[in-house]
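As a plain string of letters, each chain reads:
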2 protein chains.
Amino acid sequence: MTMYVVGHKIPDSDSICGAIALAYLKNQIDEPAIASRLGELSPETAFILDKFGFEAPEFKESYAGENVYIVDHSELTQAPDDIAQATIVGIVDHHKLGDLTTSTPLECWIRPVGCSNTIIKMMYDFHNVEIPKDIAGIMMCAILSDTVIFKSPTCTTADIKCVEALAEIAGIEDYKALGMEMFKVKSAVEGTPVRDLVMRDFKDFNMNGNKVGIGQLEVIDLAVFDDIKAELAADIAAMKNEGERHTMMLLLTDIMKEGSEVLVISEDDTLIERAYGKAPTDGKVWLDGVLSRKKQVVPPLQDAFA
Amino acid sequence: MTMYVVGHKIPDSDSICGAIALAYLKNQIDEPAIASRLGELSPETAFILDKFGFEAPEFKESYAGENVYIVDHSELTQAPDDIAQATIVGIVDHHKLGDLTTSTPLECWIRPVGCSNTIIKMMYDFHNVEIPKDIAGIMMCAILSDTVIFKSPTCTTADIKCVEALAEIAGIEDYKALGMEMFKVKSAVEGTPVRDLVMRDFKDFNMNGNKVGIGQLEVIDLAVFDDIKAELAADIAAMKNEGERHTMMLLLTDIMKEGSEVLVISEDDTLIERAYGKAPTDGKVWLDGVLSRKKQVVPPLQDAFA
Ligand SMILES: [Mn+2]
Ligand SMILES: [Mn+2]
């Protein structure tokens, strides 16, 4: 039975490139697979696919009765709505272990590295399957994206070695330049509706029973937000009410200065100070050195809620 | 920080041998590790450790504040009671994905194969670490135990190849004979208190909110139970009440005839027929071809509860 390989809701480059790369691998080892996606491509991902000549994976929301291989998470809230009616045959991920469960044995390739595509490279090596040039290219870009060109504290030696190996296969000499080009595409926010920006890389978390939404925008210069910061703040306030969330945060991450300005609105104003040791002023706080939502933002907040 | 490597409650040979083998591997790659256990050794496991010259791993029930690598399950009910106060750094397992979650990234080596030790062999290969002769011996025995010397439907080509490779390293020519010797040890039930027999390989499951206890005794001839079957039935009835369980089952598995006589007592007598297509008579039913709790007993029961 054909499996669908699908990343999380509001897919990032890791979810999309990982689905394509893993579906290709599975087909090579006689396990028929189709890459799919749960949402629209971000401008960054569209740039990557275009650069290496790929179409977007099939948009598919319902998976009842299907076999599904999950990429880049293990959380119910980030999975297809009807995942309980599907059979999860595998998970490849690099986040904390979430609340997905299964009723049958499966494979899980979960490692504490910077990107799911680094693990997918290990899967290619395990199965001794050659990575085509174009697939190496999109895998490499996904790793450069997730690790913020190796600057993120989530980046490991395995990620760096993997990018180097993939760059060689893809025939790309200056992969850091390609990474910067990618982040320039990501930094283009002008003309994009404010809600689209907040939702571009957005995840809901369950923290001790409370719904917490955290979005992140990584840019090469925070000045791009100067004219729209008030609108962004108003929009996360609206999303807090619409989604009955306890807390809404938007990380405006400056990858050159290596830190994040956090816009926040919460039922409990003391949470942020408890989590990060710094209180917001007018719903804003600068967190120096904070680049990673997964490693630097979520765990302290989860502890503050606990 | 040193990690503890620990299998499930009421440890089987896979849990104990896997903890020893994985702790050794981790120490070889400069990740200090200590094998531990949550319960007494079964006679089978004692036989294996004795055969290859190992002491039992440290008995340790509390893990608050420790780093823990989980072997052979991913279920809260099978983990240390204070696992929420520990940091799970990894899971190696071959069962369905359970309800353990973490607040930090970890490694999960989960594969749909017959035994956790087959996956631990893959970990040795991945890290390019040589397996010592004695460790190869206990890993091999764990796989022969979990796969019922390859007869279980959970057994895969990977398990068979792994046993062959480990037998070569351990210098054991007739591994099937060693497997039979092991199952003869397992079949010696005379003189053992009935409760000890029921608990020897026992797991509680959460099935749609109901607590279901399932024990299993694998022997080479069911005749060993002739004189104590009534006592076993009385004891699972007692355990149902003591543990406020919805259902209690004890699988008496005949590994030569390849099937199981199931002793059962339940709040809902129609469950067993719905799950297995055959109704019990006087709390007993023979299920032909059923050797595996994990693959043939749990999933249909879970579906019947759903
Ligand atoms: Mn990722
Ligand atoms: Mn096992």
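Looking up chain A in an unreviewed UniProt entry gives the name inorganic diphosphatase, with the organism given as Motilimonas pumila. Recorded in UniProt under Catalytic activity (unreviewed entry), the annotation for chain A is "diphosphate + H2O = 2 phosphate + H(+)". Under the heading Cofactor (unreviewed entry), UniProt records this for chain A: "Mn(2+)".

The next subject is the relation of the copies chain A and chain B. The operation relating the pair of chain copies consists of a rotation about an axis and a translation along that axis. With an axial shift of 0.1 Å and an RMSD of 0.1 Å, the rotation relating chain A to chain B amounts to 180 degrees. Expressed as an axis order, the relation between the two copies is that of a two-fold axis.

All names here are of chain A. According to the domain assignment, chain A contains domain 1 (3–184) and domain 2 (194–305). The distance between the C-alpha centroids of domain 1 and domain 2 comes to 25 Å. Buried area between domain 1 and domain 2, both sides added, is near 1,800 Å², and the carbon and sulfur share of it is 63%. At the boundary of domain 1 and domain 2, one finds one salt bridge. Where Glu258 meets Lys151, a salt bridge forms, and the shortest distance between an N and an O atom there is 3.8 Å. Seen at the junction of domain 1 and domain 2, the total is two residue pairs in polar contact (both at pLDDT 80 or more). Ranked by residues supplied to the side of domain 1 that touches domain 2, first place goes to helix 6 (residues 175–187) with three residues. Of the residues in the side of domain 1 that touches domain 2, the class split is seven nonpolar, eight polar and three charged.

Now for the sheet that holds strand 8 (residues 210–219) of chain A. Residue and element names in this part refer to chain A. Taken together, the five strands give an open sheet; going across it, the order is 7-8-9-10-11, and neighbouring strands pair in mixed fashion. Looking at the sheet topology across the chains shown, the edges are occupied by strand 7 (202–207) and strand 11 (284–288). The sheet shows a mean angle of 25 degrees between the axes of neighbouring strands, taken without regard to direction. Taken together, the six bridges between strand 7 and strand 8 define a ladder with antiparallel strand orientation. The partner of Asp204 across the bridge, within strand 8, is Gly213.

Our focus in this paragraph is the interface of chain A and chain B. Of the residues lining the interface, 25 residues belong to chain A; the matching set on chain B comes to 25 residues. Counting each side, the surface lost to burial between chain A and chain B is near 2,100 Å², with a carbon and sulfur contribution of 67%. The largest share of the area that chain A buries against chain B comes from Leu97(A), Pro105(A) and Arg111(A), three residues that together contribute 28% of it. Where chain A meets chain B, there are zero salt bridges. Linking chain A with chain B are six residue pairs in polar contact (both at pLDDT 80 or more), by the criterion used here. For the side of chain A that touches chain B, the element with the highest residue contribution is strand 6 (residues 107–110) of chain A, accounting for four residues. Its residues placed into classes, the side of chain A that touches chain B shows 12 nonpolar, eight polar and five charged. Where strand 6 of chain A and strand 6 (residues 107–110) of chain B come together, three bridges link them in antiparallel fashion. Within the sheet, the bridge partner assigned to Ile110(A) lies in strand 6 of chain B and is Cys108(B).

Residue and element names in this part refer to chain B. As summarised here, the arrangement of the five strands in space is 7-8-9-10-11, forming an open sheet in which the pairing is mixed. Of all strands in the sheet, those bounded by a partner on one side alone are strand 7 (202–207) and strand 11 (284–288). Ignoring which end each strand starts from, the neighbouring axes of this sheet average 25 degrees apart. Packed onto the sheet, helix 8 (residues 229–242) meets strand 7, strand 9 (247–254), strand 10 (259–266) and strand 11 and runs at close to 45 degrees relative to strand 10.

In this section: the pattern of salt bridges. Residue and element names in this part refer to chain A. As enumerated under the stated definition, the model contains 34 salt bridges over all chains in all. The salt bridge partner of Asp81 is Lys9, with a shortest N-O separation of 2.6 Å. Linking Asp81 in the loop between strand 4 (67–71) and strand 5 (87–93) with Lys9 in the loop between strand 1 (3–6) and helix 1 (13–28), this pair joins segments that are 72 residues apart in sequence. Residue Asp81 is classed as exposed on the basis of its relative accessible area, which comes to 72%.

All names here are of chain A. Axis separation between helix 1 and helix 3 (residues 116–127) bottoms out at 9 Å; the angle between their running directions is 10 degrees. By the angle between their axes, helix 1 is roughly parallel relative to helix 3. Judged by residue contacts, Asp14, Cys17, Gly18, Ala21, Leu22, Tyr24 and Leu25 of helix 1 engage Ser116, Asn117, Ile120, Met123, Tyr124 and His127 from helix 3. Across the contact of helix 1 with helix 3, the residue classes tally to eight nonpolar, four polar and one charged.

The full count for this structure, using the stated rule, is zero disulfides over all chains. For Cys108(A), which is in no disulfide, the shortest distance to another cysteine sulfur is to Cys108(B) and amounts to 6.1 Å. No disulfide involves Cys162(B); its nearest neighbouring cysteine sulfur is the one of Cys115(B), lying 8.0 Å away.

Moving on to helix 2 (residues 43–52) of chain B. Among the residues of helix 2 of chain B, Glu44(B), Thr45(B), Phe47(B), Ile48(B), Leu49(B) and Phe52(B) are the ones counted as buried. Trailing helix 2 of chain B by a residue or two, Gly53(B) shows a phi angle of about 80 degrees, which is positive.

Here we take up unusual backbone geometry. A positive phi angle, near 50 degrees, is found at Glu244(A), a position not held by glycine. Among the structural elements, Glu244(A) can be located in the loop between helix 8 (229–242) and strand 9 (247–254). Among the residues examined, Glu244(A) registers a relative accessible area of 72% and is labelled exposed. The residue Glu258(B) is not glycine, and still its phi comes out positive at about 60 degrees. Along the polypeptide, Glu258(B) turns up in the loop between strand 9 and strand 10.

About the thresholds
Residues numbered from 1 in each chain as written. Chains lettered and ligands numbered in written order. Predicted model: local features only at pLDDT ≥ 70, side-chain atom pairs only at ≥ 80, totals over all residues. Heavy atoms only, no water. UniProt positions renumbered as here; feature names shortened; annotations may be inferred. Least-squares fit on C-alpha atoms with pLDDT ≥ 70 in both. Domains from an automatic or database assignment. Buried area = accessible area lost by both parts, 1.4 Å probe. Salt bridge = Lys/Arg side-chain N within 4 Å of Asp/Glu carboxyl O. Polar contact = N/O pair within 3.5 Å; in protein donor to acceptor, adjacent residues only side chain to side chain. Helix = DSSP H or I, 4+ residues; strand = E, 2+ residues; numbered from the N terminus. Nonpolar A, V, L, I, M, F, W, Y, C, P; charged D, E, K, R; others polar. Pairing = 2+ DSSP bridges. Axes fitted to C-alpha atoms, helices over the stretch in contact; angles between N-to-C directions. Contact = heavy atoms within 4.5 Å. Buried < 20%, exposed > 50% of the residue type's maximum accessible area, 1.4 Å probe, protein only. Parallel < 35°, antiparallel > 145°, perpendicular 65-115°, else oblique. Disulfide = S-S within 2.5 Å.

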